[in-house]
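What follows is the residue order along each chain.
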Amino acid sequence: MSLVHVNLAERSYDVVVESGLLGRAGAAISETSLGGRRAALISDERVAGFHSEVLLDSLAAAGFRPSLHVIAAGEASKTMAQAEGLCREMIRAGHDRRSLVVALGGGVVGDLAGFVAAIFFRGIPLVQIPTTIVAQVDSSVGGKTGVNVGEGKNLLGCFHQAHLVLVDPQTLRTLPQREFCEGFAEAIKHAAIRDSAMLGELAALDPDSREVPAELIARNIAIKARIVEADEHETRGIRALLNFGHTIGHGIEAAIPYGQMLHGEAIALGLRAALFLSQRHCQLAPDASRSLLGLLEKFRLPLVLDEEIATPTIMGKLARDKKFSAGKIRFVLLDAPGHAYVSDVVTQEDLRDAIEHLRQEPE
Ligand code: NAD
Ligand code: GLY
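Residues numbered from 1 in each chain as written. Chains lettered and ligands numbered in written order. Predicted model: local features only at pLDDT ≥ 70, side-chain atom pairs only at ≥ 80, totals over all residues. Heavy atoms only, no water.

A.B. asks: Before we go on, may I ask you to explain the site of ligand 1 in this structure?
C.D. replies: Surveying the vicinity of ligand 1 reveals 29 residues, the closest of which are R46, T131, T132, T174 and E182. Contact distances for ligand 1 include 2.8 Å between an oxygen atom and a backbone N or O atom of G107. A distance of 3.3 Å separates an oxygen atom of ligand 1 from a polar atom in the side chain of K224. At the level of elements, α2 (45-61), α4 (107-119), α5 (133-139), β8 (152-159) and α6 (177-182) are the ones that each hand at least two residues to the shell around ligand 1. Top contributing element to the shell around ligand 1 by residue count: α2, with four residues. Looking at the shell around ligand 1 residue by residue, the classes come out as seven nonpolar, 10 polar and 12 charged. (Near = heavy atom within 4 Å. Polar contact = N/O pair within 3.5 Å; in protein donor to acceptor, adjacent residues only side chain to side chain. Helix = DSSP H or I, 4+ residues; strand = E, 2+ residues; numbered from the N terminus. Nonpolar A, V, L, I, M, F, W, Y, C, P; charged D, E, K, R; others polar.)

A.B. asks: Explain the pattern of salt bridges to me, please; I cannot follow it from the model alone.
C.D. replies: Pairing of side chains with opposite charge becomes possible as their charged atoms draw close. In total, this model carries 24 salt bridges according to the counting rule given. For the salt bridge of K153 with E75, the shortest nitrogen-to-oxygen distance reads 2.8 Å. One end of the pair, K153, is in strand β8; the other, E75, is in the loop between β4 (65-71) and α3 (80-92), and 78 residues separate them in sequence. With a relative accessible area of 9%, K153 lands in the buried category. With relative accessibility at 16%, the residue E75 sits in the buried group. Note that E84 and R88 form a salt bridge whose closest N and O atoms lie 3.8 Å from each other. With E84 and R88 both in helix α3, this residue pair falls four residues apart, about one helical turn. Relative accessible area serves as the criterion here: at 48%, E84 is assigned to the partly exposed category. According to the relative accessible area criterion, R88 is partly exposed, its value standing at 49%. (Salt bridge = Lys/Arg side-chain N within 4 Å of Asp/Glu carboxyl O. Buried < 20%, exposed > 50% of the residue type's maximum accessible area, 1.4 Å probe, protein only.)

A.B. asks: Just checking my understanding: could you explain the pairing of strand β9 (residues 164-167) for this structure?
C.D. replies: Looking down a regular strand, the side chains alternate between one sheet face and the other. Of the two faces of β9, the one lined by L164 and L166 and the one lined by V165 and V167 are each fully buried. Relative to β9, strand β2 (residues 13-17) runs parallel, the two sharing four bridges. Within β9, the residue paired with D14 across the bridge is L164. Pairing between strand β6 (residues 126-130) and β9: two bridges, direction parallel. Residue pairing in the sheet places Q128 in a bridge with V165 of β9. (Pairing = 2+ DSSP bridges.)

Dropping the structure here:
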């Protein structure tokens, strides 16, 4: 078992990583001081099909009265309408301010269910049980919740830290290969910005195996936890480091119809663009850039952007990104593996060049 404590004063919580933990989740939640015995389990149809029964049994065995709320799988579910629909379902199921939300699924379920927990009766406790690599190494920790709107991704939401995060690496075994691989974009990002030694550990994984050591997941969570502890609300320029690869990545994601590209796939393209600008602006060594691109390729992540996704469309989405401040771009650059920083030197022209760079095969 690996344990990461996220130290945020009265909002502190534990992240437990342990094989088989899903079947013991009810007991683990019971051991915390979360109060009420009503739990609204929110999941998507795919994840619920594989894993909700074990979790419902475990909650019931620990004395909870759970209700199950299932959404359609995929990014298109991350909307205000879906959040309202879930809240109303929960009210009809008898939930109130003593209830808690349990989010079982990938980042979509986690962000949406977290948002529901933040607004339901002005805020109720949240337990995250992430089931994708993205959610296990990144989105379940740090308290960012929210939904998308037509104008862009994650533009509505709030901070609502989980009260407990339970990570069971065994849940990854049911992930299709594409969904397994996409998550490594976020793990490679963590290694790039803070922990270059982890690049070797990621390189040693087998993308066909669905096996990730609990310690490696915990190491990623610890990177994120330390950054969140230093800058919970992204006001001090530290948490922004986690946006490495995300400015252009989010722009690409917002420029195409939902379902065409997975989150991690768009972030892989965003990472390549950020590496290009890091070579241009802060002399990142070409070898370092090549080895990061090689790792993205190992996890079969895309590095070349389809001509059909037009540069002006992506640029239009970028303008609405939260990472813009008073019209200036706060862009994360890398001067060496393991060392990233926030810069304001990147221009609109740079962004356009970086997107165009993605049209060519890497050398
Ligand atoms: P996702 O939640 O859509 O999951 C991908 C697919 O895998 C879905 O079809 C889902 O049904 C399926 N799936 C999930 N777990 C499974 C399992 N164990 N077995 C079989 N199928 C399973 O996508 P994601 O990549 O996990 O998350 C992407 C979302 O996370 C985006 O909306 C992104 O904005 C958000 N995100 C949030 C943060 C944050 O800090 N809050 C950080 C990174 C990403
Ligand atoms: N995934 C970026 C953050 O949590 O800040």
